[in-house]
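If you want the building blocks of each chain, they are given just below.
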Amino acid sequence: MFGKPIGTLVVTALLALLMGPTTAAAAEHRLGLGLHYWSAIDDLVEDLPGVEDSGVSWLGSYIFEVEGPLKFGVDLEYFGEGFGGSTSSAWAPQVFALIGNRFYGGVGIGITYSSSFDGNTSDPYFLARVGVDFPIFPRLTLDLNLNYQADAFNQLDNFETSALTTGVIVRYRIKSRD
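Just so it is clear, the model here is predicted, and its values are computed rather than measured.

**Things to note about the nonpolar core**
- Within the largest apolar cluster, 10 residues are counted, these being W38, I63, F79, A90, A92, F96, L98, Y104, Y125 and L127.
- Among the elements of the structure, β4 (90-100) and β6 (125-137) are those that each provide at least two residues to this core.
- At four residues, β4 tops the list of elements feeding residues into this core.

The structure is reproduced here in structure tokens:
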């Protein structure tokens, strides 16, 4: 369904989550739901008819936080029709490596799947994310983040502020550190 490169990415991400530098008993697991406000690059909107210029997507989120500031994350984002030129809904699995606690940053990779795309998937894209993760209750956090997406990893450091997107995720701590 996703091809060999994407299958390799998924297997690598799962192994990284399962075989982190600490045992699962010493780790923290968090599940969340959120919203992502995105906007398309102006050139894309002008060149392709039917592309929405901005919108809000839903996302599910999982964080595996190992000892220290290292975290691995998996997000699954849902877009209605019109995202990226799709004429049907789209799903975007993304994996992240993040460093930090309350203030954090990191990089990730993802793809977008839609039955209206040629071959059903987009090319892989790279993400940069910075955020603030506030505790709001003993087991609940509020994550406010900025995101940037690029076609190549080496394009992440040359971003345009007009292409930054914002997200908010509420996460529930399933398993706390012992």
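**Considerations on the confidence of the model for the protein chain**
- Per-residue confidence for the protein chain gives a mean pLDDT of 79; residues scoring 70 or more make up 71%.
- Of all secondary-structure elements in the protein chain, the lowest mean pLDDT belongs to helix α2 (residues 42-47), at 49, while strand β5 (residues 103-110) reaches the highest, 95.

**Thoughts on the packing of aromatic side chains**
- Scanning all chains against the criterion turns up one aromatic pair.
- The side chain of R129 reaches across the aromatic face of F96, ending 4.3 Å from its centre.

**Things to note about the pattern of salt bridges**
- Summed over all chains, the structure comprises six salt bridges.
- A salt bridge links E28 to R173, with the nearest nitrogen and oxygen atoms 3.1 Å apart. Within this pair, whereas E28 is found in strand β1 (residues 28-39), its partner R173 is found in strand β8 (residues 165-175), the two being separated by 145 residues in sequence. For the residue pair E28 and R173, the accessibility class agrees, reading buried in each case.
- Two residues, R30 and D133, come together in a salt bridge whose shortest N-O distance is 2.7 Å. One end of the pair, R30, is in strand β1; the other, D133, is in strand β6, with 103 residues separating them in the sequence. In terms of burial, R30 and D133 fall into one category: buried.
- The network of salt bridges with common partners includes E28, R30, E65, D133 and R173.

**Quick look at the pairing of β4**
- Sheet analysis places strand β3 (residues 70-79) next to β4, joined by 10 bridges and oriented antiparallel. Residue pairing in the sheet places F79 in a bridge with A90 of β4.
- As defined by bridge partners, β4 adjoins β5 across seven bridges and the pair is classed as antiparallel. Bridging across to β5, F96 finds its partner in G108.
- Linking β4 back to β5 in an antiparallel pair, the connection comprises two residues.

About the thresholds
Residues numbered from 1 in each chain as written. Predicted model: local features only at pLDDT ≥ 70, side-chain atom pairs only at ≥ 80, totals over all residues. Heavy atoms only, no water. Core = buried A, V, L, I, M, F, W, Y, C linked by side-chain atoms within 4.5 Å. Buried < 20%, exposed > 50% of the residue type's maximum accessible area, 1.4 Å probe, protein only. Helix = DSSP H or I, 4+ residues; strand = E, 2+ residues; numbered from the N terminus. pLDDT = per-residue confidence, 0-100. Phe/Tyr/Trp six-rings, centres within 6.5 Å; stacked < 30°, edge-to-face > 60°. Lys NZ or Arg CZ within 6 Å of the ring centre and 35° of its normal. Salt bridge = Lys/Arg side-chain N within 4 Å of Asp/Glu carboxyl O. Pairing = 2+ DSSP bridges.

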